[in-house]
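# Examination of the molecular architecture
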Amino acid sequence: MPSDASAPLARPSGRVRSIFRHLPLPGEREGGLLATLVALSLLIAFGSHGAFFTPVNMDNLLVSAAITAIPAIGMTVVILTGGIDVSIGSMLGLVAAIGGLAFEAHWSLAAVVPIFCLAGAGLGLFNAALIIPGRVPPVIATLGTLSIFRMLVFLVTGSNWITEIPPSLTTIFIVTRIGPLPMASIIALLMLALAAFILARFRMGRHVYAIGNNEEAARLAGIRVRRIKLYAYVLLGLLTGIAALMTLGQSPMVQTSTGEGFELKVIAAVVLGGTELSGGRGTILGTLLGTLIVELVGDGVVLLHIQPFWSGVLLGAIILFSVGAAWRPARSV
Amino acid sequence: MRGRGFESTRILLLLAFFVLGLGGFALGDVGILSRANLTSMAVFAVEIGIVALGQTFVICGGEGGIDLSVGAIAALAQVFLGLMLVAHMPWPLAVAIALASGVAMGGVNALAITRFTIPPIIVTLATMFAFNGLALVFTGGINIDLTAMPPSFLALGQGSAFGLPVQLAVIYLPLLLLFAFLQHFGRFGRALYLAGTSELAARLAGIRTTELRGWTYVISGLLSSLAGVIGAARLGTARPDAAEQMNLVSIAIVVLGGTGIFGGDGSVIGTAVATAVIAVVDYGLSYNNINPIYQAGVMGIILITLVLVENMLRGRGGLRQVWSYWARAISRDPLQDS
Amino acid sequence: MAFVELAGIVKNFGGVRALKGVDLAVELGRTHALLGENGAGKSTLIRILTGAHRQDAGDIRVDGARHIFRRPQDAQALGIAAVYQEPMVYPHLSVLENIFAGREITNGFGIVQHAAMRRKVAPWLDRLNMQAALLERPISSLTLGWQQLVMIAQALVQNARVIIFDEPTSILSQAETDRLFAIIGRLRADGRGVVYITHRLDEVPRIADRVTVLTDGRVTGSYPIDEVSHARLLSLMAGRAVEEPVPDSHKIQHAPAAAGRRPTFSPPVLEVRGLTLERQFRDVSWSIASGCVTGIYGLVGSGRSEVALSVFGFLRGARGAVALEGKPIAPRDPADAIRLGIGYLPEDRKLQGIFANKPLESNLTANALDRFTRPFGRLDFFALATAARQAMVAYNIKARGEASPIAVLSGGNQQKGLFARWAGRALKVLILDEPTRGIDVQTKDEIHRFIRSLAAQGLAVVVISSDLPEVLAVSDRVIVMRQGRVAGEWDAEAMTAEAILGAAIGARSEAA
C-alpha cells in the first residue's frame, strides 16, 4: 500500500484506543527520517564520548529545537496550501525588537507577551495581503518583506542592542521543566500535537490539504481558499512571534541581525520532513523529525569538535540526499 | 516584440526610475554625479550585475528554475582564488582555476536538478549551505589579505580602461552584449524561451530542455565565480562571507527587470537596467550615509511596488485591493471569498 | 414541467459569441443528451448551468422559480451537480475525503466524522459497484474510470437532483462505459434528471430519452429520441447534409486520394515489432509504409499514443524492436527521433503543442531551429519569418501576421499551425495524434486534405484517431488497437466500419 501520510488512514485495528488513533499513521518517509535521527544521535553520542547526553547539551538542543519547530508548524501549513514565506527570519528579528523595546520600557511580562503575538500575526497579515489580494507571487513578496522587515528592525532599534530582557523569560522557558523537558519543548510538543490533530481531524485542516491538492476544485467546492491561506500566513507570523519570545529566553538580547538565516533553517526542516513544495503533501510528524535532524547537525558539529563551518555543508548534503533518495528513476512523463 | 521576451514597457519604466533616482539624489547633492562617484556606483553594480545575468537565464528556463547558491559560489570561488594567490600561483592561472571551480559548482547544481530531478529551490538551498560552509572551512573564517598581489591582478577590480572601470568596460559590457546576443539572436535563447513557456511542448518539438536548463546553472556558476574574482580584486581581500546578499538581490533584480518568475520571458537588457536602478538606489543611500541596511529594505519596497503596480495595470489585484483587504481584516468584516 | 429550464441563454467571451440564445429543458427521471461537435458551446452551457459562469442574457429556472447563480455553490444548493471529463480530484486525499471535500460532516467542534460520512455514502456504493474498502484508498491509486465514479458519488451525497455528465466516456474503456450507462440508468430510475453531453452519436440512442443538438452556439434541433434518425442528427451536428456511413456489411466508400496513388507495402519505412511497455502496451507490431496513410484506430486507453510516444523517444523503457528503413533505431529523446526523420503531432495541443504567449512564427519553427541556425549560434530571423509566412499560405492559417501570438488564433488555425510545423520538415514518418480533435468541420476537411497530399508526396503518415468516420475516410490501411494490443489490421479494400469497431471493442463478455 502506498504510504500517504497526508491522508488519515483507517483506525488501527484492535484495542488501540489512544489519542493517536486520530493522527495519520507514519509512512515510509517518516520511518527513514527516524532512522536517520537515531543514527545521527548515536554517531554524535559516540563521537563525543557521551557529552551528547549532558544536561547542558540536551537542554540547549531541546530548546533550540523548540524554537525552530514552532514556526515550522506554520511554515508547514503555508507550504501545504501551496505558498511559501522566506521572510520569517527578519520577522523574528522585528518582533523581538518591538517586544524588546517594550521590555526596556519596563512593561510587565503579561503586557509584553501579547505584543509578541500580535506583532507576529500582524506581520503575517502583511505578507498575506501582498500575496492574496495583491497577487504578488509568494516567493517575490516574501523576498521583499525579508528586506523590508530587516530594515525596520534597524529603524526600531537604531542599531543599538537591546539587552534589558527580563530573566523571567529564561526562567519560564528554559529553567522550568516537566520531567526531562524544558518548558519551551513542552510547549512545542503540545503545539505540534495540536497542529497534527487539527490538520488530520478538523474540517479546516482537511481543507488545507484540499487547497494544496487542487485549488481550483477546492474553490468550486465552496472551500474558503482565500481565508484559509490568510490564516496560514497569519498563523506562521504568530508562531514566529512566539519563537521570538523564546529566543529571548535563550539569549536575552536583540541585535540588528537577530534571526538572520532563520527562515532557511525552518524551510530546510520542513522540506526534510517530507512536505512537498508544490503543496498538498506533508505531515507535522515529518516536520518534527526534520527539525530534530537539522538541530542535531548543528549540535553534532559542535560536540564532535568539527569546525562549526562544516554544519552548513553537512546540512546541505543531508537535504540533497534525503530529497534525492525519494527519487525513483522516471520513465519520462 | 512581445514574443521575443523583450518587454519595452517594463524597460522604459525602469529607465525612468533610473533617471528619477539619479536626479533625485542629485537634487540633494549634485556632487553625486561626479566622475568618482559614478565610477564607484558602476564598480559596485558590476558584480551583482554579472550574477544577475546568469540568474536571468536560470529563471527564464522555467520549471521553477532559481539559483539560491550564487552568492555562495562567488564566495567559495573567491576563497579558492585567495588561497592559490597566497600560495604564489601566477594570477592568471589562479583566476582560471577559480572560474573552473565556478563551472564545477554550477555543474553540481545542474546534475542534481536535471539528473535527479530535485526541485531547484531545494538543490540550490542545499548547495548554498554547503558552499558557504566550505568557504568557511577553507579559510577558518578569516579573510585572506590580497593587497600584496601584483597590480595587474588588482587592476581587474580597481583599474580603468577607456575611462571606465575595468570590470565595467572590459568584462561586464562585453558580457552583456554577448548574453543579449545569445538570448535574442541565438538559438540558445529561443530554445530557452520555448522551454520556459511549455516544458512538454518544447520536449515534443525536439528541444532538449533538461540539457538546456542544466547549462543555465553551469553558466550561472561561472558568472558567480567571475563576480567573486572581481570582488576579490576590487577589495583586495578574499572573504568567505562575501556576497551574502547576492542570492536574494540577484533574484530581485531579475524579476524587477521583467523576467517572470515562472519563466519563458524576460531579457538580460531588462536585468541590466534593473541592475542600474538598484545600483543608483544603493549608492545614493550610502552616499548620503544612510546605513546599508536600508538598501536592502528599499530594494524590497521597489520590488513589491513594481509587481503590485503591474498587477493593478493588468487588472488583477494591486494596491487598492491590498488596502481594502487590510481594512476589512482589521475591522473584522467577513472576508470576501472569490 | 421540467425541473430545470434554460431560456435564451447568451454568452460572449471577448468578441466571440459562444452561445446565441439557447433553450434547454431538463426533466427529472429522464436522460437528456446534448449533442454537438467540439466548439459548439456545450461546455459553456454547462458552466453556466453549474454556476461557474454568469450568462450575459437569458433565464435559469429551477423548479419553476427563477434563479441567478452567483457562485457554483448556488447551483449546488439547488441540486445541480456535474461530473467532468477529467475528474477534478485531490490526488493525495482518500476516496472518502474526495467525495466529501468541502462538505465534510463534522460534530459541533468541527471535527470531521468519518464514520458518519461512511454511513452517508454507503447506500450509493452499491449502485456504483464500489466497495467500502475503496473509501480509504488514496484516490490517485484508482484508474480514471473509477475516479469518475467517485465524482458521481460526490454528486449523489449532495442529493443532486440533476447530474450533468460532460463527455464522460472519452476516458473510459468499453466495459467501463457499459458500467457507466447502467449507473446512469439507475440514476434515472431513481427520479434524477441526467444531462449527457457528448459528440459521440452512437452513444445517444443507448441512454437518452431526448436529444438536443447544439451547433455553433445555437440549438439546431431538439427531439424525443425515437422521433429522429441517426442521419438527421449527424447532419444537424455537421451543419450540412452528410452521407451517413451504411452500418452493415457494405464496403465503406472513402474519398479517393490523388489519382493513381497506390499504397506501397514493401518494404515498410517504419517497422515496430513486439514492442512492450509495462502497463501501457504489449507485443505491438506496426508496419508503416511510405506514400500512404495508416490509420490507428482504438478507444481512448488502448495504448496508441503510448506506442507512438515510445517510437518518438519520449517514453522510455519499452522492449522490442523498432526499425526505420530497415535499420534498428532507439531514439533517446524526441530530438533524436526528429533527426532520424520521425515526427509526432501531439494529442493535446494546449498542453503539449503550442507555446501560448509566443508568436505564430516561433510556434511554427520550434522543431526546426537547427535549420535556421547560422555560425556562432545565430538565428536567421529573416529566414524564420519567411518560412512562417510560407507555411501560413500553404496551410491557410488565418492570422494577422506571423508575429501574432498563437493564443489568439482559433483552435482550427492553431491546429493547422502545429500541422505546418511538422509538415514542413523533411521527414520519413509523421505520426499525427488526434489531428482534428476539437476543431470545426471545415478545418477538419482541410487537414484531411493536407494529410492525403503528404502521403501522395511519398511520406509515411500515421493517423491516430478515435473518430471512426475520420479513420475510414483518410486511411489506406487501418490498424486497430485495444487495451494495449493490436487487435486487427485491414487494407483499404477490406475495411468496414463494423469490422474495425468490433475489433476495437472486443468481445462483449470480456471483463475490463
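Residues numbered from 1 in each chain as written. Chains lettered and ligands numbered in written order. Predicted model: local features only at pLDDT ≥ 70, side-chain atom pairs only at ≥ 80, totals over all residues.

### Things to note about the overall build of chain B
Within chain B, the secondary structure is distributed over 14 helices and four strands. The C-alpha radius of gyration of chain B comes to 21 Å, within 12% of the 20 Å expected for a compact globule of 338 residues. Oriented by its inertia axes, the alpha-carbon framework of chain B measures out at about 70 × 55 × 40 Å. Split into buried and exposed, the 338 residues of chain B put 58% on the buried side. Across chain B, the fraction of contacts at a sequence separation of at least 24, relative to all contacts at a separation of at least 6, is 76%. (Helix = DSSP H or I, 4+ residues; strand = E, 2+ residues; numbered from the N terminus. Rg over C-alpha atoms; globule rule 2.2 N^0.38 Å. Buried ≥ 20, exposed ≤ 12 C-beta atoms within 10 Å, placed from the backbone. Contact = placed C-beta atoms within 7 Å.)

### Describing the interface of chain C and chain B
Interface size is often expressed as the accessible area that is lost when the parts come together. Counting from both sides, the interface comprises 25 residues of chain C and, opposite them, 19 residues of chain B. At the level of elements, helix H10 (334-340), helix H11 (349-353) and strand E18 (378-379) of chain C are the ones that each hand at least two residues to the side of chain C that touches chain B. Split by residue class, the side of chain C that touches chain B holds 15 nonpolar, seven polar and three charged. (Nonpolar A, V, L, I, M, F, W, Y, C, P; charged D, E, K, R; others polar.)

### With respect to the environment of C:Ala503
Residue and element names in this part refer to chain C. In this structure, Ala503 sits in helix H17 (residues 497-505). Since 20 C-beta atoms lie within 10 Å of it, Ala503 is described here as buried. Taking the C-alpha atoms as reference points, Ala503 and Gly424, 79 residues apart in sequence, are found 35 Å from one another. Other than its neighbours up to four places away in sequence, Ala503 contacts Val480, Arg482, Ala487 and Gly488.

### Details of the interface of chain B and chain A
Listed per partner, the contact involves 49 residues of chain B and 47 residues of chain A. Broken down by secondary-structure element, the contributors of at least two residues to the side of chain B that touches chain A are helix H5 (120-139), helix H11 (246-256), helix H13 (293-313) and helix H14 (319-330) of chain B. Per-element accounting of the side of chain B that touches chain A gives the leading share, 13 residues, to H5(B). Each residue belonging to the side of chain B that touches chain A can be placed in one class, and the counts come to 34 nonpolar, 13 polar and two charged.

### A closer look at the sheet that holds strand E8 (residues 193-198) of chain C
Residues and elements named next belong to chain C. Spatial ordering of the open sheet is given by E6-E7-E8-E3-E9-E10, a layout of six strands whose pairing is mixed. Every other strand in the sheet has two partners, leaving strand E6 (80-83) and strand E10 (218-224) as the edge strands with one partner each. Recorded for the sheet is a direction-independent mean angle of 20° between the axes of neighbouring strands. Pairing between strand E7 (residues 162-166) and E8: five bridges, direction parallel. Its bridge partner lying in E8, Phe165 is registered against Tyr196. On the sheet, helix H1 (residues 42-49) packs against strand E3 (31-35), E6, E7, E8 and strand E9 (210-215) and is oriented at approximately 150° with respect to E7. Each of E6 and E7 is contacted by helix H5 (residues 144-157), which is oriented at about 175° to E6, the strand it contacts most. (Pairing = 2+ DSSP bridges. Axes fitted to C-alpha atoms, helices over the stretch in contact; angles between N-to-C directions.)

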